[in-house]
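# A look at the structure
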Amino acid sequence: MSFDRSIKIAPSILSADFANFGQEIRAIEAEGADWVHVDVMDGHFVPNLTFGPAAVKAFRPHVKTVMDVHLMIAPVDPYIDAYADAGADVLTAHVEAGPHIHRTLQAIRGAGMKAGVALNPGTPAEAVAHLLDLTDLICVMTVNPGFGGQKFIDMTAKIRSLREMIGDRPVHIEIDGGVDPSTAPLVVEAGADVLVAGSAVFRGGSVDAPRVYGENIRKIREAASNA
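Residues numbered from 1 in each chain as written. Predicted model: local features only at pLDDT ≥ 70, side-chain atom pairs only at ≥ 80, totals over all residues. Heavy atoms only, no water.

In this section: the overall build of the protein chain. When its secondary structure is counted, the protein chain shows eight helices and eight strands. Taking 227 residues into account, the globule formula puts the C-alpha radius of gyration at 17 Å, and the protein chain, at 16 Å, falls close to it. With the principal axes as the frame, the protein chain shows a C-alpha extent of 45 × 40 × 35 Å. Looking at the protein chain as a whole, 53% of its 227 residues qualify as buried. Put simply, 66% of the contacts in the protein chain that link residues at least 6 apart link residues at least 24 apart. With an accessible surface of roughly 9,400 Å², the protein chain has 52% of that area assigned to carbon and sulfur atoms. Computed over 19 positive and 28 negative side-chain charges, the separation of the two mean positions in the protein chain equals 3 Å. (Helix = DSSP H or I, 4+ residues; strand = E, 2+ residues; numbered from the N terminus. Rg over C-alpha atoms; globule rule 2.2 N^0.38 Å. Buried < 20%, exposed > 50% of the residue type's maximum accessible area, 1.4 Å probe, protein only. Contact = heavy atoms within 4.5 Å. Areas by Shrake-Rupley, 256 points an atom, 1.4 Å probe, with all protein chains shown as cover. Lys, Arg positive; Asp, Glu negative; His and termini not counted. Charge placed at Lys NZ, Arg CZ, Asp CG, Glu CD.)

Membership of the largest hydrophobic core comes to 67 residues, with the highest contact counts inside it found for Ile13, Val38, Val69, Ile138 and Leu195. Here Ile13 is in contact with Phe18, Phe21, Ile25, Ile28, Val36, His37, Val38, Phe51, Phe59 and Phe202, once residues within four sequence places are set aside. (Core = buried A, V, L, I, M, F, W, Y, C linked by side-chain atoms within 4.5 Å.)

This part takes up the UniProt feature "binding site: a divalent metal cation" (unreviewed entry) in the protein chain. In this structure's numbering, the residues bearing the UniProt feature "binding site: a divalent metal cation" (unreviewed entry) are His37, Asp39, His70 and Asp176. Annotated residues spanning 140 residues; largest pairwise C-alpha distance 10.2 Å, indicating a single compact cluster. Within the fold, His37 resides in strand S2 (residues 35-41). The contacts of His37, once residues within four sequence positions are left out, are Ala10, Pro11, Ser12, Ile13, Asp68, His70, Glu174, Asp176 and Val196. Looking at where His70 falls in the secondary structure, it is placed in strand S3 (residues 66-72). Residues contacting His70, with those up to four places away along its chain left out, are His37, Val38, Asp39, Val40, Thr92, His94, Ala118, Cys139, Met141 and Asp176. In this structure the side chain of His70 is engaged in a polar contact, spanning 2.9 Å, whose partner is the side chain of His94. (UniProt positions renumbered as here; feature names shortened; annotations may be inferred. Polar contact = N/O pair within 3.5 Å; in protein donor to acceptor, adjacent residues only side chain to side chain.)

The next thing to look at is the pairing of strand S7 (residues 172-176). Among the five residues of S7, five are classified as buried, and the element is accordingly described as predominantly covered. Residues His172, Glu174 and Asp176 point to one face of S7 and Ile173 and Ile175 to the other, with burial holding for every one of them. Where strand S6 (residues 137-141) lies against S7, five bridges are found, and the strand directions are parallel. For Met141, the partnering residue across the bridge sits in S7 and is Asp176. In terms of handedness, the path from S6 via helix H5 (residues 156-166) over to S7 forms a crossover that is right-handed. (Pairing = 2+ DSSP bridges. Right-handed = clockwise from strand over helix to strand, strands pointing away.)

Structure, rendered in structure tokens:
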């Protein structure tokens with residue numbers, strides 16, 4: 001997984017057909033997805049319950065690009081090895097999920113994965129100021145985590161601060177929440193390069209009509225490229 005700052009679209013399979021994950025993943029990749037984003041929620045850190053390590057392991061054979069696993073769980077550390085075994089390429093933990101995020105990021109890298117750190121809307125950019133050399137990705141939440149389809153919260157000032165803090169380090173800025181053709185240019189102009197999109201990609205399509213996914217991905221990418 002080499003580093004570059006080109007715009008990457010990472011559809012969130014939280015918006016996919018839960019009865020057809022394998023086909024859905026293959027369809028979005030065939031239609032232009034750069035990464036596949038997997039939202040793990042525990043019903044405790046966030047008010048929803050989604051995928052455990054066994055489900056993520058089942059997704060892995062279908063993902064040919066990058067499997068980007070976003071942990072919205074607390075605690076994180078006891079599950080790092082399980083998600084490494086499941087095949088995550090990037091594993092992202094929330095800075096708010098526990099008192100020892102520095103150790104968590106060390107453990108994620110130690111398990112052979114790229115380490116991501118996520119910031120909720122109410123958490124300032126400065127929370128990751130001393131983590132930048134341990135981090136491969138910073139995920140800026142532009143909704144309060146827990147459910148798909150929420151309205152975008154403008155975090156462009158935070159993104160600009162992060163972009164400045166990162167400097168020339170090889171660290172991605174990922175945006176998660178409410179990304180569509182209208183919001184993508186705002187976050188890219190501020191410095192983001194990885195765009196998570198759920199309903200904006202999957203809306204109107206299906207495994208029997210995957211071209212809609214491609215059209216949706218292209219609309220987001222074109223809008224982002226014009227930022």
